[in-house]
Amino acid sequence: MSNISRQRILNVMGTFRPAFRNVAQSLTDIDLVLVEEAFERLLLDYDRVFSSMGIPACLWRRTGEIYKGNKEFAALVNVPLEMLREGRLCIYELMAEESAVNYWEKYGNIAFDAGQKAVLTSCLLKNPDPDTMLSSTSSIVQLAKAPFKRAQRGLFGGTTYPPIRFGI
């Protein structure tokens, strides 16, 4: 990643980092346990969804680590299915550089805006083969209103590929 892109991402993170820090410091141990339990329930709920639909889908945390992906998503991005488990791979690692910067900029703009539930955007996905790019013409990123309290969710789809379910 270029230094300019890295700096753009750091600038965005600098805007929401203090608010996240304040929220994180106010959480009790029981709050943290409840959030983890809710995330685990979300993963279990999506087990059924992912197995019942034949479209690419993945689920990730607010920090970008992918915790669940289906075989269709693995085939789409050309990675082994086991890489889409337990946070081994981050969603922004699958995006082209400009798309990753755009993702963080949009996230920074709506992370603490209670009135903003979704953003319509587009991105390019990288394929581990450096000569290949996958294109998506539209995506919706839906963020939680209360940080650390709910999962980020959204749809990612385009004319070339069927919709992809994702979230944090």
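In the nomenclature of an unreviewed UniProt entry, the chain is known as Transcription factor of Linnemannia exigua. In its Subcellular location (unreviewed entry) section, the UniProt record describing the chain reads: "Nucleus".

Undergrad: Quick rundown of the packing of helix α1 (residues 3-26) against helix α4 (residues 97-110)? Include the residues and the values.
TA: Direction vectors running N to C along α1 and α4 enclose 20°, while the axes themselves pass 9 Å from each other. With respect to their mutual orientation, α1 and α4 come out roughly parallel. Here α1 and α4 pass one another in a crossing that is left-handed. Here Ser-5, Arg-8, Ile-9, Val-12, Met-13, Phe-16 and Phe-20 of α1 come into contact with α4, specifically with Glu-97, Glu-98, Val-101, Trp-104, Glu-105, Tyr-107 and Gly-108. Of the residues belonging to the contact of α1 with α4, the class tally is eight nonpolar, two polar and four charged.

Undergrad: Report on the pairing of strand β2 (residues 66-69), specifying residues and quantitative values.
TA: Inspection of the sheet shows strand β1 (residues 58-60) paired to β2 by three bridges, in the antiparallel sense. Its bridge partner being in β2, Cys-58 is matched across the sheet by Gly-69. Counted between consecutive antiparallel strands, the loop separating β1 from β2 contains five residues, among which Gly-64 sits at a positive phi close to 105°.

Undergrad: Describe the side chain of Lys-68, with residues and values.
TA: Residue placement: Lys-68 occurs in strand β2. At 2.7 Å, the side chain of Lys-68 and the side chain of Asp-47 are in polar contact. Look past the residues within four positions of Lys-68 in its chain and what remains in contact with it is Leu-43, Tyr-46, Asp-47, Phe-50, Ala-57, Cys-58, Leu-59, Leu-84 and Arg-85.

Cut-offs applied
Residues numbered from 1 in each chain as written. Predicted model: local features only at pLDDT ≥ 70, side-chain atom pairs only at ≥ 80, totals over all residues. Heavy atoms only, no water. UniProt positions renumbered as here; feature names shortened; annotations may be inferred. Axes fitted to C-alpha atoms, helices over the stretch in contact; angles between N-to-C directions. Helix = DSSP H or I, 4+ residues; strand = E, 2+ residues; numbered from the N terminus. Parallel < 35°, antiparallel > 145°, perpendicular 65-115°, else oblique. Left-handed = near helix turned anticlockwise from the far one by under 90°. Contact = heavy atoms within 4.5 Å. Nonpolar A, V, L, I, M, F, W, Y, C, P; charged D, E, K, R; others polar. Pairing = 2+ DSSP bridges. Polar contact = N/O pair within 3.5 Å; in protein donor to acceptor, adjacent residues only side chain to side chain.

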